[in-house]
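# What the coordinates show
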Amino acid sequence: MTRNNRLTICQISDIHCGNARFIPDLLDRTIVEINDVDPNVVVVSGDLTDAGYREEFEQAAEYIGRIRCENIMVVPGNHDARNVGYIHFERLFGERHSVIDLDNVVLVGVDSSEPDLNDGQVGREHYDFITKTFSEAQDKLKIFIIHHHLIPLPGTGRERNIIFDAGDILERLTQAGVDLVLSGHKHVPHSWKLEQMLIVNAGTASTLRVRGNGRPCYNIIEIEDGRVTVFRKYPFKRQELAVSFNPRTQDYLRFDEKVGAGFTGQPGY
Ligand SMILES: [Fe+2]
Ligand SMILES: [Fe+2]
C-alpha cells in the first residue's frame, strides 16, 4: 500500500450495545458488509456501549471480533466511560490512546471521554504524543480519531458536544498537517473542511438513536492518490457519495445535503 495506491477505511460509530434502541440485525448486517468490502483499516469511533457495563462491552467485543481486518482501531466514547467502563475497554480493546502505523498512513486515536460525564477533552498531557507521532509520520497520510466533535454540527440541538480543548487540538492538528479527522458522538453524519483538513462525522451504525429524519449508517472511505472520498452506507440499503477532498490540491467536492445530512432528508432508507 502506498499513497498512490488505494486504501479503504470503514468507520463505524456509536453502536451502543445494551441500549434499548440497539438493533442487532443492523450490526450483523454492517459487519457482513464491511467484510465484503475487505478494508485495510476499520475504525470504531466510540460509544460501543450504553452505560459502560461489562456485559455491554463483551457484546461489543464479540461483534467487533467478527470483523475480518488486520488493523482495527477502537477508541472509547462518553458512554463507555460511565460506571468505570474504561477498565473493561482496556481489558478487551487495549490502550485508550493508540496508533496504527502503516506504510503510508498513520492513524492516531485518542480517548476524549471523562468518567461519568458527557463532556470530553483530550487533555494537555496528551498533546506531545499527538504532535510527536504525526511529526514522525513525515509525508504519510495523517488521520486523527476522536469520539467527540471538534467543530459543532448542525442538527444537534444546543451546542454541548465539542471537547473543552477543541481550539488547542484543532491548532495542533492543522499545524501537524493532519489530513483527516474521524469522529462520532451525536449520531449525525456530516463533514467540515478546515484549512487543509477534512473532518468527517459518522452516524450511528446500529441504533435508532437518530435525530430528525436521520438513518443508521456508517462510512466507507476510499483514499487514492491522496484524494479522500467518503461514502455513506446504510446497512441493508444503498451507499451514497458524501464528500471528496484532496488535502494536497485542496480540490473539494461535497455531494451531501448542505445542512445536517440526514437531519433534513427524507425519512426511510
Ligand atoms: Fe453515541
Ligand atoms: Fe457519545
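Residues numbered from 1 in each chain as written. Chains lettered and ligands numbered in written order. Predicted model: local features only at pLDDT ≥ 70, side-chain atom pairs only at ≥ 80, totals over all residues. Heavy atoms only, no water.

## Describing the pattern of salt bridges
Under the defined criterion, the tally for this structure stands at 17 salt bridges. Across the salt bridge formed by arginine 6 and glutamate 224, the nearest N and O atoms sit 3.0 Å from each other. Of this pair, arginine 6 sits in the segment before β1 (7-12) while glutamate 224 sits in strand β12 (residues 218-224), and the two are 218 residues apart along the sequence. The partly exposed category is assigned to arginine 6, whose relative accessible area is 47%. Given a relative accessible area of 37%, glutamate 224 falls into the partly exposed group. Linking arginine 54 and glutamate 55 is a salt bridge whose minimum nitrogen-to-oxygen distance equals 3.8 Å. Judged by relative accessible area, arginine 54 falls into the partly exposed class, the value being 44%. A cluster of three or more residues bridged by salt bridges with shared partners is formed by Arg6, Glu222 and Glu224. (Salt bridge = Lys/Arg side-chain N within 4 Å of Asp/Glu carboxyl O. Helix = DSSP H or I, 4+ residues; strand = E, 2+ residues; numbered from the N terminus. Buried < 20%, exposed > 50% of the residue type's maximum accessible area, 1.4 Å probe, protein only.)

## A word on the coordination of the iron ion (ligand 1)
Of the protein atoms, only Asp14 (OD), His16 (NE2), Asp47 (OD) and His187 (NE2) coordinate the iron ion (ligand 1), at distances of 2.0 to 2.3 Å. Between the four donor atoms coordinating the iron ion (ligand 1), the angles at the centre fall across 87 to 175°, so the site counts as irregular. Along the chain, the residues donating to the iron ion (ligand 1) fall in the pattern D-x1-H-x30-D-x139-H. Between the iron ion (ligand 1) and the iron ion (ligand 2) the interatomic distance amounts to 3.5 Å, and aspartate 47 serves as a bridging ligand to the pair. Residues aspartate 14 and histidine 16 agree in their burial class; the two are buried. (Donors = N, O, S within 2.8 Å, 3.2 Å for Na, K, Ca; no water. Tetrahedral: all angles 85-135°; square planar, octahedral: opposite > 155°, others 65-115°.)

## A closer look at the packing of helix α2 (residues 54-64) against helix α3 (residues 86-93)
The geometry of α2 relative to α3 is characterised by a closest axis approach of 9 Å and an angle of 25° between their N-to-C directions. What the angle tells us is that α2 and α3 run roughly parallel. Regarding α2 and α3, the two cross each other, and that crossing is right-handed. The segment α2 lies against α3, with Arg54, Phe57, Glu58, Ala60, Ala61 and Ile64 engaging His88, Phe89, Arg91, Leu92 and Phe93. The class makeup of the residues in the contact of α2 with α3 is seven nonpolar, one polar and three charged. (Axes fitted to C-alpha atoms, helices over the stretch in contact; angles between N-to-C directions. Parallel < 35°, antiparallel > 145°, perpendicular 65-115°, else oblique. Left-handed = near helix turned anticlockwise from the far one by under 90°. Contact = heavy atoms within 4.5 Å. Nonpolar A, V, L, I, M, F, W, Y, C, P; charged D, E, K, R; others polar.)

## Concerning the sheet that holds strand β4 (residues 98-101)
Spatially, β4-β5-β8-β9-β11-β10 is the arrangement adopted by the six strands of the open sheet, whose pairing is mixed. Only two strands of the sheet have a single neighbouring strand rather than two, namely β4 and β10 (190-194). Each adjacent strand pair in this sheet contributes to an overall mean axis angle of 15°, direction not counted. Of the pairings in the sheet, the one linking strand β5 (residues 105-109) to strand β8 (residues 141-145) comprises five bridges and is parallel in character. When the bridges of β8 are listed, valine 106 appears paired with lysine 142. Contacting β4, β5 and β8, helix α4 (residues 127-136) runs over the sheet at an angle of about 175° to β5. The strands touched by helix α5 (residues 166-175) within the sheet are β8, β9 (180-183), β10 and β11 (197-201), with β11 carrying the most contacts at an inclination of about 130°. (Pairing = 2+ DSSP bridges.)

## Side note on the sheet that holds strand β14 (residues 239-246)
Backbone hydrogen bonds are what pair the strands of a sheet, in a parallel or an antiparallel way. Reading across the sheet, the seven strands line up as β3-β2-β1-β12-β13-β14-β15 and stay open at both edges, with mixed pairing between neighbours. Unpaired on one side and paired on the other, β3 (72-75) and β15 (251-254) mark the two borders of the sheet. Neighbour-to-neighbour, the strand axes of this sheet turn through a mean angle of 20°, independent of strand direction. In terms of strand pairing, β12 meets strand β13 (residues 227-233) through seven bridges, oriented antiparallel. The residue of β13 that forms the bridge with isoleucine 223 is valine 228.

## A word on a nonpolar patch on the surface
Together, Leu241, Leu253 and Phe255 give the surface a local cluster of nonpolar side chains, amounting to about 250 Å² of exposed area. Relative to the helices and strands, leucine 253 is located in strand β15. Given the relative accessible area of 40%, leucine 253 is considered partly exposed. (Patch = residues over 30% accessible without salt bridge, like charges linked within 9 Å, V, L, I, M, F, W, Y side chains within 5 Å. Areas by Shrake-Rupley, 256 points an atom, 1.4 Å probe, with all protein chains shown as cover.)

## Observations concerning the nonpolar core
Leu107 and Ile143 are the most contacted members of the largest nonpolar core, which has 24 residues in total. With residues up to four places along the chain from it excluded, the contact list for leucine 107 reads Val41, Val43, Met73, Ser98, Val99, Ile100, Ile143 and Ile145. Ranked by size, the runner-up nonpolar core spans 23 residues in total, among them Ile31, Ile34, Val42 and Ile220. (Core = buried A, V, L, I, M, F, W, Y, C linked by side-chain atoms within 4.5 Å.)

## Regarding the packing of aromatic side chains
The final tally for this structure, using the stated rule, is five aromatic pairs. The interplanar angle of 70° and the centroid separation of 5.8 Å between the aromatic rings of phenylalanine 22 and tyrosine 63 together place this pair among those described as edge-to-face. Placement of the pair is phenylalanine 22 in the loop between β1 and α1 (24-37) and tyrosine 63 in helix α2, with a sequence separation of 41 residues. Like phenylalanine 22, the residue tyrosine 63 is buried in the burial classification. An aromatic cluster is defined as three or more aromatic residues linked by ring pairs; in this entry it consists of Phe57, Phe89 and Phe93. The ring centre of tyrosine 252 lies 5.7 Å from the NZ or CZ of lysine 193, which sits over that ring. (Phe/Tyr/Trp six-rings, centres within 6.5 Å; stacked < 30°, edge-to-face > 60°. Lys NZ or Arg CZ within 6 Å of the ring centre and 35° of its normal.)

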